Amino acid sequence: MTFDLSGKTVLVTGGNGGIGLGMAQGLAEAGADLVVWGSNAEKLARARDMLAAPGRRVLAQRCDVADESQVEARFREALAETGRIDACFANAGVSQKRAALHELSTEEWRRVMAVNLDGAFFTLRAASRHMVERAKAGDPGGRLVVVASTAAVHGAARAAAYAATKGALVAMTRALAVEMARYTVTANAILPGWIETEMTAGGIGDAKFAGNVLPRIPMRRWGEPRDFAGLAVYLASDASRYHTGDSFVVDGAYTIF
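This section reports on the structure supplied with the text. (Residues numbered from 1 in each chain as written. Predicted model: local features only at pLDDT ≥ 70, side-chain atom pairs only at ≥ 80, totals over all residues. Heavy atoms only, no water.)

Moving on, we come to the overall build of the protein chain. A count of helices and strands for the protein chain gives 8 helices and 7 strands. If you line up the protein chain on its principal axes, its C-alpha atoms span 55 × 35 × 35 Å. For the protein chain, with 257 residues in total, the buried portion stands at 49%. When contacts within the protein chain are restricted to residue pairs at least 6 apart in sequence, those whose partners lie at least 24 apart make up 72%. Accessible surface, the protein chain as shown: approximately 11900 Å² in total, 52% of it carbon and sulfur. One way to put it: in the protein chain the 29 positive side-chain charges average out to a point 2 Å from where the 27 negative ones average out. (Helix = DSSP H or I, 4+ residues; strand = E, 2+ residues; numbered from the N terminus. Buried < 20%, exposed > 50% of the residue type's maximum accessible area, 1.4 Å probe, protein only. Contact = heavy atoms within 4.5 Å. Areas by Shrake-Rupley, 256 points an atom, 1.4 Å probe, with all protein chains shown as cover. Lys, Arg positive; Asp, Glu negative; His and termini not counted. Charge placed at Lys NZ, Arg CZ, Asp CG, Glu CD.)

Here is the structure:
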């Protein structure tokens with residue numbers, strides 16, 4: 001089957017909750033074994049048990065992706081345990097404390113950059129290095145997927161740091177697509193809109209905010225983590241083997257309305 005992920009191992013950063021967990025569930029159901037990174041030990045344990053239910057092998061590792069040494073160590077440990085990483089979803093991220101650019105502190109700017117941009121860079125560098133080494137040894141192929149945001153393509157007022165990281169991730173993905181094509185590795189970005197997760201609970205749970213935003217979503221509902229399961233399977237599978245350098249907007253038509 002084209003969408004069958006049996007025999008493949010997929011790494012999902014931030015895979016212990018929200019969009020990352022939604023993608024991981026879809027990947028597990030399609031047959032993939034998983035490596036899940038997260039910074040919260042309790043959420044990691046719950047995610048591991050949930051994802052292993054279909055009989056999948058799941059390695060749950062505590063990792064702060066903003067810490068280069070942790071990323072390098074966890075990736076080495078994952079390879080030692082699983083033997084290979086066939087697809088990597090750089091999904092871990094944080095939101096920004098709402099503030100106009102002229103009010104934004106340097107500390108907050110750097111905090112958001114460290115997780116959203118540096119963390120993705122450290123993760124993708126480790127994964128792409130592994131895939132290049134495999135290709136040079138006669139085993140080409142792989143999938144790199146970056147979770148950005150529609151904030152990369154529309155004006156995200158009072159969220160300039162967050163938007164800057166997500167726009168940079170889209171640009172990085174396109175560069176990766178060109179660089180990695182010779183190794184039969186694809187690179188694509190996912191741009192979520194307003195998705196109901198722990199990270200967005202404050203905004204979505206506010207009646208005034210919901211009253212302003214929900215009517216601007218043509219599907220008239222918030223997105224859910226499970227809305228990303230099918231797309232994750234497609235991007236990790238052989239069905240997407242010639243599809244690279246693209247950005248998949250998942251927002252219920254919010255950005256084009």
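What follows picks up the thread again.
Of all 8 residues making up helix H8 (residues 229-236), 6 are buried, and the element is well covered by its neighbours. Every buried residue of H8 is accounted for by Ala229, Leu231, Ala232, Val233, Leu235 and Ala236. Structurally, H8 contributes buried residues whose contacts are with helix H1 (18-29), strand E4 (87-90), strand E5 (142-147), strand E6 (185-192) and strand E7 (247-250).

This part covers the environment of Thr106. With respect to the secondary-structure elements, Thr106 resides in helix H4 (residues 106-136). What makes Thr106 partly exposed here is its relative accessible area of 43%.

Turning our eyes to something else, we now look at the packing of H1 against H8. It is at 7 Å that the axes of H1 and H8 come closest, and there the two elements cross at 60°. Considered as vectors, H1 and H8 are oriented oblique to each other. The chirality of how H1 crosses H8 is right-handed. Of H8, the residues touching H1 (which contributes Gly22, Met23, Gly26 and Leu27) are Ala229, Ala232, Val233 and Ala236. (Axes fitted to C-alpha atoms, helices over the stretch in contact; angles between N-to-C directions. Parallel < 35°, antiparallel > 145°, perpendicular 65-115°, else oblique. Left-handed = near helix turned anticlockwise from the far one by under 90°.)

Position of Glu108 among the secondary structure elements: in helix H4. Within the structure, Glu108 has its side chain in polar contact with the side chain of Arg111 (distance 2.8 Å). Apart from residues no more than four positions distant in its own chain, Glu108 is found in contact with Ser95, Gln96 and Lys97. (Polar contact = N/O pair within 3.5 Å; in protein donor to acceptor, adjacent residues only side chain to side chain.)

Counting 35 residues, the largest nonpolar core has Leu11, Trp37, Phe75, Leu124, Leu144 and Met180 as its most contacted members. At the level of elements, strand E2 (33-38), helix H3 (68-82), E4, H4, E5, helix H5 (160-180) and E6 are the ones that each hand at least two residues to this core. Of all the elements, H4 adds the most residues to this core, at 11 residues. Setting aside residues up to four positions removed in sequence, Leu124 forms contacts with Ala90, Leu144, Val146, Met172 and Leu176. Ranked by size, the runner-up nonpolar core spans 30 residues in total, among them Val12, Leu34, Leu51 and Phe89. (Core = buried A, V, L, I, M, F, W, Y, C linked by side-chain atoms within 4.5 Å.)

On to the sheet that holds E2. Ordered in space as E3-E2-E1-E4-E5-E6-E7, the 7 strands form an open sheet in which the pairing is parallel. The outermost strands of the open sheet, each flanked by one partner alone, are strand E3 (58-62) and E7. On average, each strand axis in the sheet is inclined to that of its neighbour by 15°, with strand direction left out of account. Where E2 and E3 come together, 5 bridges link them in parallel fashion. Paired with Val36 across the bridge in E3 is Ala60. Across the sheet, H1 is in contact with strand E1 (9-13), E2, E4, E5 and E6; its angle to E1 comes to roughly 170°. H4 contacts E1, E2, E4, E5 and E6 of the sheet and is inclined by roughly 170° relative to E5. (Pairing = 2+ DSSP bridges.)

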